[in-house]
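Here is how the chains run, residue by residue.
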Amino acid sequence: MNIKATDTKQHILDTGYRLINEMGFSGLGLSTLLKAAEVPKGSFYHYFKSKEAFGETLIQNYFQEYHASLESLFSQETGSGLEHLMSYWQRWIDTQAKCDSEKRCLVVKLTAEVADLSEAMRLALQVGTDRVTALIAMCITRGIGDGSIVKQDPELTARMLYQMWLGASLLNKLHRNPRGLDSTKAVTLSILTQKPLN
């Protein structure tokens, strides 16, 4: 495989993301990563001083793309704040419910594993998730403004919803049944509109 030097770092990160989704961070050995990426060890250490530094960069890279995707969705001129939020949660279901998906949430995959393993990776996850909840809160504020979401504390609601979805995703991994995520979506809609569940 011929990879331009400028693309090598991103190629290593993309390969690592796919492999970590399959086997976790601790389960991924450097030799496995290098073989899958088809790059020499020197290329890895040119960009990352250690496996931990690679993990930290991987998380930062993941959130950079994730935040950009959220900002794009939430800033659309058409649709209400509620519609944008519910589209986000449906997108979450579409990726997380597939146990073989390469687009699964890295937060769900890594939080329990690396929080006590690496302070740098824990902080990268914290910074990334804090930005996600801030973006959700901004969308809730927009929904309150356009009348599609009932008045409530946007920051508190955003944190609660994000935590609820992370928990539901962990249970989805355990039970391998997407019904829990569908129920979480229904509860989310009820919280945002204060309409009773059917």
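As the structure is a computational prediction, the values presented were derived from the model and not from experiment. The residue numbering used here restarts from 1 in each chain and proceeds along that chain's sequence as written. The predicted nature of this model means local features are confined to residues of pLDDT at least 70 and side-chain atom pairs, given and counted, to a pLDDT of 80 or more, with totals for whole chains, interfaces and linings taken over all residues. Hydrogens and water are ignored here; the side-chain numbers use all heavy atoms of the structure.

Here we look at the overall build of the protein chain
Piece 1. Counting from the N terminus, the helices are the DSSP runs of H or I reaching at least four residues and the strands are the DSSP runs of E reaching at least two. A tally of helices and strands in the protein chain yields 9 helices and 0 strands.
Piece 2. For the protein chain, the succession of helices and strands along the chain, N to C, is α-α-α-α-α-α-α-α-α.
Piece 3. Across its three principal directions, the C-alpha atoms of the protein chain cover 55 × 35 × 30 Å.
Piece 4. Throughout this description, buried means an accessible area under 20% of the type-specific maximum (1.4 Å probe, protein chains only), exposed means over 50%, and partly exposed covers the range between. Across the 198 residues that make up the protein chain, the buried fraction comes to 43%.
Piece 5. Here the contacts in the protein chain between residues at least 6 apart in sequence split such that 68% fall between residues at least 24 apart.
Piece 6. A total accessible area of about 10,700 Å² is found for the protein chain, and carbon and sulfur atoms account for 53% of it.
Piece 7. Counted charges follow a simple rule, with Lys and Arg positive, Asp and Glu negative, and His plus the chain ends left uncounted. Think of each charge as sitting on NZ of Lys, CZ of Arg, CG of Asp or CD of Glu. Computing the positive centroid from 22 side-chain charges and the negative centroid from 21, the protein chain places the two 3 Å apart. Whether two residues touch is decided by their heavy atoms; if any such pair falls within 4.5 Å, the residues are in contact. Accessible surface area values rest on a Shrake-Rupley calculation with a 1.4 Å probe, where residue burial reflects the displayed protein chains alone.

Digging into the packing of aromatic side chains
Piece 1. Here a pair means two rings of Phe, Tyr or Trp (six-membered ring of Trp) with centres within 6.5 Å. Their orientation is stacked below 30 degrees between planes, edge-to-face above 60, and tilted elsewhere. Summed over the entire model, instances satisfying the criterion amount to 17 aromatic pairs.
Piece 2. Geometrically, the ring pair formed by Y62 and F63 is edge-to-face, given 5.3 Å between the ring centres and 70 degrees between the ring planes. Of the two residues, Y62 and F63, both sit in the buried class.
Piece 3. Members of the aromatic cluster, joined through ring pairs, are Y17, Y62, F63, Y66, F74, Y88, W89, W92, Y162 and W165.

Some words on the environment of I59
Piece 1. Locating I59 in the fold gives a position in helix α4 (residues 51-74).
Piece 2. Given a relative accessible area of 0%, I59 falls into the buried group.
Piece 3. Once residues within four sequence positions are removed from consideration, I59 is found in contact with L106, L110, M121, A124 and L125.

Quick word on the pattern of salt bridges
Piece 1. Salt bridge, as used here, is a side-chain nitrogen of Lys or Arg placed within 4 Å of a carboxyl oxygen of Asp or Glu. Taken as a whole and judged by the stated rule, the model has 3 salt bridges.
Piece 2. The residue E22 makes a salt bridge to R18 at a minimum N-O spacing of 3.8 Å. Taken together, the positions of E22 and R18, both in helix α1 (residues 5-23) and 4 residues apart, correspond to about one turn of that helix.
Piece 3. Given a relative accessible area of 27%, R18 falls into the partly exposed group.
Piece 4. As a salt-bridge pair, R122 and E119 come within 2.7 Å of each other at their nearest N and O atoms.

Description of the packing of helix α6 (residues 106-114) against helix α8 (residues 154-175)
Piece 1. Each axis is a line fitted through C-alpha atoms, taken for helices only over the stretch in contact, and angles between the N-to-C directions span 0 to 180 degrees. One can describe the packing of α6 onto α8 by two numbers: an axis separation of 10 Å at closest approach and a directional angle of 85 degrees. As the angle between them shows, α6 and α8 are arranged roughly perpendicular. Judged by residue contacts, V107, V108 and K109 of α6 engage Y162, L166, S169, L170 and K173 from α8.
Piece 2. Ten residues, namely Ala, Val, Leu, Ile, Met, Phe, Trp, Tyr, Cys and Pro, are considered nonpolar, four, namely Asp, Glu, Lys and Arg, are considered charged, and the remaining ones, Gly among them, are considered polar. In terms of residue class, the contact of α6 with α8 is built from 5 nonpolar, 1 polar and 2 charged. An angle counts as roughly parallel when it lies under 35 degrees, as roughly antiparallel when it exceeds 145, as roughly perpendicular when it falls between 65 and 115, and as oblique in every other case.

Observations concerning helix α5 (residues 81-96)
Piece 1. To estimate how far a helix should extend, the number of its residues minus one is multiplied by 1.5 Å. Counted at 1.5 Å a residue, the expected span for α5 with its 16 residues is 22 Å, and the 23 Å between its end C-alpha atoms agrees.
Piece 2. Buried residues along α5 sit against α4, α6, α7 (119-146), α8 and α9 (179-193).

Concerning unusual backbone geometry
Piece 1. One non-glycine residue, E38, lies in the positive phi region at around 60 degrees.
Piece 2. Position of E38 among the secondary structure elements: in the loop between α2 (30-37) and α3 (41-47).
Piece 3. The exposure class of E38 is partly exposed, given its relative accessible area of 46%.
Piece 4. In this structure, Q194 takes a positive phi of about 55 degrees despite not being glycine.
Piece 5. Topologically, Q194 is positioned in the segment after α9.

Some words on the side chain of Q152
Piece 1. Tracing the backbone shows Q152 in the loop between α7 and α8.
Piece 2. For Q152, the side chain forms a polar contact with the main-chain oxygen of I191, separated by 3.4 Å.
Piece 3. In this view, Q152 contacts I144, T157, I191 and L192; residues no more than four positions away in its chain are not counted. Any N or O atom pair separated by 3.5 Å or less is treated as a polar contact, with the protein-specific requirement of one donor-capable and one acceptor-capable atom, and with residues adjacent in sequence counted only for side-chain atom pairs.

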